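Observations on the model geometry
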Amino acid sequence: MISFQNDILPLKNELFRLALRITLNRAEAEDIVQDTMLKVWNRRNDWDQIESTEAFCLTICRNLAIDRMKRMDNQVETLEEHQETADHSYASNPEEQTVQRDRIQLVRRLIDQLPEKQRTCMQLRDIEGKSYRDIATVMGITEQQVKVNIFRARQTVKKELLTQENFVRQKK
């Protein structure tokens with residue numbers, strides 16, 4: 001028996017991260033999570049037929065986020081940069097910490113520039129730790145397509161990161 005409080009509500013942070021990764025806008029992501037919760041609640045009569053509550057909620061969230069982006073004519077705002085990761089750095093001096101913080105920001109910007117499918121697959125796999133099967137369910141694509149999207153996303157980020165780091169080195 002699925003419980004809204006015990007099974008659905010604990011997913012709200014995960015849903016928020018997914019919506020944020022798609023919309024790149026905190027306010028939009030919060031609205032999408034609320035809409036997702038309402039939609040899941042309104043489908044409570046179908047809960048008994050759900051194999052994975054998490055995949056069900058993530059799929060609804062993803063679809064709502066994509067629909068909202070289409071309605072906004074794909075106007076994309078940049079993701080707010082958070083310094084928590086860099087602040088907990090293992091770098092030993094301020095210069096190394098600054099370099100690491102800049103690199104994290106660059107990687108985030110590069111990920112934000114990826115096509116939506118690649119960005120979402122990468123988010124679900126590399127940040128959320130989802131299995132290829134779960135991602136395929138959420139995205140409505142095959143596991144092979146998930147792997148291809150993740151591979152292409154990683155290759156693009158890696159190539160751009162190396163290009164930009166080489167450009168910075170040449171300027172010095």
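Report follows, based on the coordinates. (Residues numbered from 1 in each chain as written. Predicted model: local features only at pLDDT ≥ 70, side-chain atom pairs only at ≥ 80, totals over all residues. Heavy atoms only, no water.)

A separate point is the packing of helix H2 (residues 12–23) against helix H4 (residues 53–71). Two elements in contact, H2 and H4, have axes whose closest approach is 9 Å; the angle formed by their N-to-C orientations is 30 degrees. One way to sum up the angle between H2 and H4 is to call them roughly parallel. The handedness of the crossing between H2 and H4 comes out as right-handed. For the pair H2 and H4, contact is made by Glu14, Leu15, Leu18, Ala19, Ile22 and Thr23 and by Glu54, Cys57, Leu58, Cys61, Arg62, Ala65, Ile66 and Met69, respectively. Taken together, the residues that form the contact of H2 with H4 break down as 10 nonpolar, 1 polar and 3 charged. (Axes fitted to C-alpha atoms, helices over the stretch in contact; angles between N-to-C directions. Helix = DSSP H or I, 4+ residues; strand = E, 2+ residues; numbered from the N terminus. Parallel < 35°, antiparallel > 145°, perpendicular 65-115°, else oblique. Left-handed = near helix turned anticlockwise from the far one by under 90°. Contact = heavy atoms within 4.5 Å. Nonpolar A, V, L, I, M, F, W, Y, C, P; charged D, E, K, R; others polar.)

What follows covers the state of the cysteines. Counted by the stated rule, this structure contains 0 disulfides. Here Cys61 stays free of any disulfide, with the sulfur of Cys57 as its closest cysteine sulfur at 9.0 Å. Cys61 gets classed as buried once you look at its relative accessible area, which sits at 0%. (Disulfide = S-S within 2.5 Å. Buried < 20%, exposed > 50% of the residue type's maximum accessible area, 1.4 Å probe, protein only.)

Put simply, H2 and helix H7 (residues 116–127) touch, their axes get as near as 9 Å, and they point 150 degrees apart. On the basis of the axis angle, H2 is roughly antiparallel to H7. As for the relative orientation of H2 and H7, their crossing is right-handed in sense. Facing Arg17, Leu18, Arg21 and Ile22 of H2, the residues of H7 in contact are Glu116, Arg119, Thr120, Gln123, Leu124 and Ile127. Classifying every residue of the contact of H2 with H7 gives 4 nonpolar, 2 polar and 4 charged.

Residue position: Arg154 is located in helix H9 (residues 143–171). Given a relative accessible area of 35%, Arg154 falls into the partly exposed group. Arg154 sits 35 residues away from Arg119 along the chain, and the two C-alpha atoms are 9.6 Å apart. Those residues in contact with Arg154 that sit more than four places away from it in its chain are Met122, Arg125 and Asp126. Only 2.4 Å separates the side chain of Arg154 from the side chain of Asp126, close enough to count as a polar contact. (Polar contact = N/O pair within 3.5 Å; in protein donor to acceptor, adjacent residues only side chain to side chain.)

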